[in-house]
Amino acid sequence: GAGVSQTPSNKVTEKGKYVELRCDPISGHTALYWYRQSLGQGPEFLIYFQGTGAADDSGLPNDRFFAVRPEGSVSTLKIQRTERGDSAVYLCASSLGHKWDEQFFGPGTRLTVL
Amino acid sequence: QQQVKQSPQSLIVQKGGIPIINCAYENTAFDYFPWYQQFPGKGPALLIAIRPDVSEKKEGRFTISFNKSAKQFSLHIMDSQPGDSATYFCAASSTSYGKLTFGQGTILTVHP
């Protein structure tokens, strides 16, 4: 079956612009996670959705970052007034939602802010 | 606060060797410890995971050793192959929904 997909695969934007990154989770997975991976580092947690609600957004770095999952499937990560420090690979993962359930990661969106 | 420390940063072995990657954690609430493998341009993929009620888990050529008192765990890759060349991440979770805290990663190169 299809895995987690993310679009676009690459996004180049200018400082100050707004960007949206999309994640399509595995069908039937109620849990969805966003992580950010800077060059040479491990992924860092941003936000977790169970169904439509953001159950844990403690990893969002500031109020320029926002994510939604209006129908409990596709999720969009939104970044306002982008800064050069936002450049990273943004990873999405989905799972059945329990601690022991495998998180399946998408290939990521590489965001470059010029 | 860095909660999972991973070493070494990079590792080079010959085919057939047994690379060992180590991780240490601080948060005693962690109770789930997966290892992920990541190839360039791809997302991480789960290799093997362990819970703290066991000291060792083996799946194929991959073994996790876990030392709860020392708050350390390690990944051993038996009979390593060039196809194992990738970046490996340890991780830990303490929440009911699996929020992961990752180590910094180890770049493994296996020479033919």
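Placed above this text is the structure.
Predicted, not measured: the structure shown is a model, and the values here were computed from it.

Counting 24 residues, the largest nonpolar core has Phe33, Trp35, Phe73, Leu75 and Tyr88 of chain B as the members making the most contacts within it. Sorting the residues of this core by element identifies strand 2 (10–14), strand 3 (20–25), strand 4 (33–38), strand 5 (45–50), strand 7 (62–67), strand 8 (72–77), strand 9 (86–93) and strand 11 (106–111) of chain B as the ones contributing at least two each. Ignoring sequence-local partners within four residues, the contact set of Phe33 of chain B consists of Tyr25, Ile48, Ala49, Ile50, Pro52, Ile64, Phe66, Phe73, Ala91 and Ala92 of chain B. Counting residues in hydrophobic clusters, the runner-up holds 20 residues, among them Leu46, Phe49, Ile79 and Val113 of chain A.

A separate point is the interface of chain A and chain B. With 21 residues of chain A at the contact, the number on the chain B side is 22 residues. Contact with chain B buries surface across chain A, with Lys99, Trp100 and Phe105 of chain A losing the most and accounting together for 36% of the total. For the pair chain A and chain B, the number of links is four residue pairs in polar contact (both at pLDDT 80 or more). Of all the secondary structure elements, the ones that give two or more residues to the side of chain A that touches chain B are strand 4 (31–37) and strand 5 (44–50) of chain A. Considering only residue class, the side of chain A that touches chain B consists of nine nonpolar, nine polar and three charged.

Definitions and limits used
Residues numbered from 1 in each chain as written. Chains lettered and ligands numbered in written order. Predicted model: local features only at pLDDT ≥ 70, side-chain atom pairs only at ≥ 80, totals over all residues. Heavy atoms only, no water. Core = buried A, V, L, I, M, F, W, Y, C linked by side-chain atoms within 4.5 Å. Buried < 20%, exposed > 50% of the residue type's maximum accessible area, 1.4 Å probe, protein only. Helix = DSSP H or I, 4+ residues; strand = E, 2+ residues; numbered from the N terminus. Contact = heavy atoms within 4.5 Å. Buried area = accessible area lost by both parts, 1.4 Å probe. Polar contact = N/O pair within 3.5 Å; in protein donor to acceptor, adjacent residues only side chain to side chain. Nonpolar A, V, L, I, M, F, W, Y, C, P; charged D, E, K, R; others polar.

Read these as spatial facts, not as claims about activity.
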